[in-house]
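Structure at a glance
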Amino acid sequence: MIFTAFGKALGQVGDPRFRRVLLLGIGLTFALLVAAYAALLMLIQSLVGQETSLPLIGEVTWMNDLLSVGSFFFMMLLSVFLMVPVASAITSMFLDEVAAAVEARHYPHLAPVPGLSVWEGVKDTVNFLGVLITANVLALVLYALFAPAALFIFWGLNGFLLGREYFTLAAARRVGLVEAKRLRRRHGATIWAAGVLMAMPLSVPLVNLLIPILGAATFTHIFHALWRAE
């Protein structure tokens with residue numbers, strides 16, 4: 001089911017309506033990453049300063065040069081950690097449009113549903129981002145203690161969190177929040193596995209730009225498959 005849903009999401013890239021949202025999502029994702037990178041770079045430069053004095057060495061003036069030369073690689077590395085909260089924000093913003101495009105093509109018999117209000121979308125995004133960031137900050141301890149398994153911990157944790165968020169958003173627009181949570185509890189293992197499938201490419205620079213929108217489409221298909229099976 002999971003790979004079938006992901007394959008359907010990939011297959012819809014040729015749909016103009018879906019492609020517009022995909023390109024918009026990629027552009028906004030990239031913009032958010034660049035903004036976060038610029039903010040962090042300014043913070044580092046403000047802490048380091050134009051010149052740094054080291055004992056026995058004296059003035060060190062190469063820090064800005066180093067930051068400039070390594071900025072591209074630093075951006076790629078930083079994107080791995082930033083993409084999880086960015087993916088969550090992008091998904092919350094665009095899921096309704098993505099789901100509508102998916103349903104228009106694959107589930108045309110369904111009646112349209114009213115989208116979430118702007119306030120509801122912002123509230124859900126902020127609440128979940130708080131949980132996501134807190135969980136990942138606490139996970140830094142596990143990464144340090146179990147360094148060889150850090151990547152697997154990252155995938156498992158964020159797969160669980162993102163799977164819950166993706167599925168809840170996709171399901172709630174059709175069946176309401178209460179029923180969405182019931183379905184999520186009943187099919188928790190499937191949703192977690194699908195979330196891990198989304199989290200894994202989030203750790204691959206450049207590829208991760210595609211995942212927020214493709215993930216939203218994938219979980220729309222997963223919701224409909226589980227809903228029909230009830």
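Each residue is numbered by its place in its chain's sequence as written, counting from 1. In keeping with the predicted nature of the model, local features appear solely for residues at pLDDT of at least 70, side-chain atom pairs appear and are counted solely at 80 or more, and the whole-chain, interface and lining totals rest on all residues. The basis for the side-chain values is all heavy atoms of the structure; hydrogens and waters are excluded.

Some words on the overall build of the chain
Numbering of helices and strands starts at the N terminus; helices are DSSP runs of H or I of at least 4 residues and strands are runs of E of at least 2. The number of helices and strands found in the chain is 8 helices and 2 strands. Counting from the amino terminus, the chain carries its helices and strands in the arrangement α-α-β-β-α-α-α-α-α-α. For the chain, buried positions account for 42% of its 230 residues. Only the protein chains shown count as cover for residues, with accessible areas throughout obtained via the Shrake-Rupley method and a probe of 1.4 Å. Put simply, the chain shows about 12100 Å² of open surface, and 73% of that area lies on carbon and sulfur atoms. Exposure classes here rest on a 1.4 Å probe applied to the protein chains alone. A residue is buried below 20% of its type maximum, exposed above 50%, and partly exposed in between.

Brief notes about helix H7 (residues 188–202)
Expected helix span is computed as 1.5 Å times (number of residues minus one). Here H7 is 15 residues long and its end C-alpha atoms lie 21 Å apart, about the 21 Å a rise of 1.5 Å per residue gives. Along H7, the residues classified as buried are Ile191, Ala194, Gly195, Leu197, Met198, Ala199, Pro201 and Leu202.

Some points on the confidence of the model for the chain
For the chain, per-residue confidence averages 79 on the pLDDT scale, and residues scoring 70 or more make up 77% of the total. Predicted confidence in the chain is weakest over strand S1 (residues 52–54), with a mean pLDDT of 43, and strongest over H7, with 92. Residue-level confidence of the predictor is summarised by pLDDT, bounded by 0 at the bottom and 100 at the top.

Considering the pattern of salt bridges
Any Lys or Arg side-chain nitrogen located within 4 Å of an Asp or Glu carboxyl oxygen qualifies as a salt bridge. Scanning the entire structure with this criterion turns up 5 salt bridges. For Arg173, the salt bridge identified is with Glu103, shortest N-O distance 3.0 Å. With Arg173 in helix H6 (residues 150–186) and Glu103 in helix H4 (residues 71–106), this pair connects stretches of sequence that are 70 residues apart. Each member of the pair, Arg173 as well as Glu103, carries the same accessibility label: buried. Glu103 serves as the salt-bridge partner of Arg174, at 2.8 Å between the closest nitrogen and oxygen.

Points about helix H1 (residues 2–11)
Residues Ile2, Ala5, Phe6 and Ala9 constitute the buried set of H1. Summarising the axial view, the buried residues of H1 lie within an arc of 95°, below the 170-degree limit, and thus occupy one face. The directions from the helix axis to the C-beta atoms form the arc being described.

Here we look at the packing of aromatic side chains
Between 30 and 60 degrees the pair is tilted, below 30 it is stacked and above 60 it is edge-to-face, where a pair is any two Phe, Tyr or Trp rings, Trp via its six-membered ring, whose centres lie within 6.5 Å. Scanning the entire structure with this criterion turns up 5 aromatic pairs. Here Phe152 and Trp155 contribute two aromatic rings whose centre-to-centre distance is 5.5 Å and whose plane-to-plane angle is 85°, an arrangement assigned as edge-to-face. Of this pair, Phe152 and Trp155 are both found in helix H6, 3 residues apart, which corresponds to roughly one turn of the helix. With centroids separated by 5.4 Å and ring planes inclined at 70°, the aromatic side chains of Phe160 and Trp192 adopt a geometry described as edge-to-face. With Phe160 in helix H6 and Trp192 in helix H7, this residue pair connects regions lying 32 residues apart in the sequence. A relative accessible area of 41% means that Trp192 is categorised as partly exposed. Connected via pairs of aromatic rings, a cluster forms that spans Phe167, Phe223 and Trp227.

Some words on the nonpolar core
One recurring pattern in soluble globular proteins is that nonpolar side chains are buried together. Formed by 52 residues in total, the largest nonpolar core has its most connected members in Phe18, Val98, Phe167, Ile213 and Phe219. Broken down by secondary-structure element, the contributors of at least two residues to this core are H1, helix H2 (16–48), H4, helix H5 (118–145), H6, H7 and helix H8 (211–229). With 12 residues, the top contributor of residues to this core is H6. Not counting residues within four places of it along the chain, the set of residues in contact with Phe219 comprises Gly163, Tyr166, Phe167, Ala170, Ile191, Ala194, Gly195 and Met198. Think of a nonpolar core as a cluster: buried Ala, Val, Leu, Ile, Met, Phe, Trp, Tyr and Cys residues, connected wherever their side-chain atoms sit within 4.5 Å. The contact criterion used is simple: two residues touch if any of their non-hydrogen atoms lie within 4.5 Å.

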